[in-house]
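Structural characterization, general
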Amino acid sequence: MSLPAAATAPCRLDRLPEAPDIGDLEASYAARGGALVLCDAARSLAVDTLLAERALLDRWVEPPRRRWPWSRPG
């Protein structure tokens, strides 16, 4: 299982121009909001992938065998 590319890409936030006007501020505000939503979705995807990978490993790894029927594993 591999981590999706969207989960490892850096989050990019919009930057204001040198002399912003009110239109630039509004556009940047909207762009940053969208970028934050995408970044949160990528973080969630990374966490879901990690949890799924751990669940697969937990099901795949066999428990240790006992040497004697009365002894504990380990």
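Residues numbered from 1 in each chain as written. Predicted model: local features only at pLDDT ≥ 70, side-chain atom pairs only at ≥ 80, totals over all residues. Heavy atoms only, no water.

A look at the overall build of the protein chain
- If you tally the helices and strands in the protein chain, you get two helices and zero strands.
- When each of the 74 residues of the protein chain is scored for burial, the buried share is 7%.
- Counting every atom, the protein chain has about 6,800 Å² of accessible surface; 59% of that belongs to carbon and sulfur. (Helix = DSSP H or I, 4+ residues; strand = E, 2+ residues; numbered from the N terminus. Buried < 20%, exposed > 50% of the residue type's maximum accessible area, 1.4 Å probe, protein only. Areas by Shrake-Rupley, 256 points an atom, 1.4 Å probe, with all protein chains shown as cover.)

A few points about a nonpolar patch on the surface
- Together, Leu 16, Ile 22 and Leu 25 line one region of the surface with nonpolar side chains, adding up to about 280 Å² of accessible area.
- Mapped onto the fold, Leu 16 is located in the loop between α1 (5–8) and α2 (22–60).
- Using a relative accessible area of 43% as the deciding quantity, one classes Leu 16 as partly exposed. (Patch = residues over 30% accessible without salt bridge, like charges linked within 9 Å, V, L, I, M, F, W, Y side chains within 5 Å. Salt bridge = Lys/Arg side-chain N within 4 Å of Asp/Glu carboxyl O.)

Points about the side chain of Ser 28
- With respect to the helices and strands, the residue Ser 28 is situated in helix α2.
- Within the structure, Ser 28 has its side chain in polar contact with the side chain of Asp 14 (distance 3.2 Å).
- When near neighbours in sequence (up to four residues on either side) are disregarded, Ser 28 contacts Asp 14 and Leu 16. (Polar contact = N/O pair within 3.5 Å; in protein donor to acceptor, adjacent residues only side chain to side chain. Contact = heavy atoms within 4.5 Å.)

Observations regarding α2
- In this model, α2 (39 residues) spans 57 Å end to end at C-alpha, consistent with the 57 Å of a helix rising 1.5 Å per residue.
- If you check which residues of α2 are buried, you get Ser 28, Ala 35, Ala 42 and Thr 49.
- On its buried face, α2 is in contact with α1.
- If you check the start of α2, you find a side-chain oxygen 3.2 Å away from the backbone N of Gly 23, and it comes from Asp 21. (Expected span 1.5 Å × (residues − 1).)

Comments concerning the environment of Asp 21
- When you line up the elements, Asp 21 lands in the loop between α1 and α2.
- Taking relative accessible area as the criterion, Asp 21 reaches 45% and is therefore assigned partly exposed.
- From its side chain, Asp 21 meets the backbone nitrogen of Gly 23 in a polar contact 3.2 Å long.
- Of note is the side chain of Asp 21, whose polar atom sits 2.9 Å from the backbone nitrogen of Asp 24.

Quick word on the pattern of salt bridges
- One pass over the full model with this rule turns up one salt bridge.
- Residues Asp 40 and Arg 43 are paired through a salt bridge, measuring 3.3 Å at the closest nitrogen-oxygen approach. Here Asp 40 pairs with Arg 43, and both are found in helix α2, just three residues apart, close to one helical turn.
- Given the relative accessible area of 43%, Asp 40 is considered partly exposed.
- Overall, the relative accessible area of 46% leaves Arg 43 in the partly exposed class.

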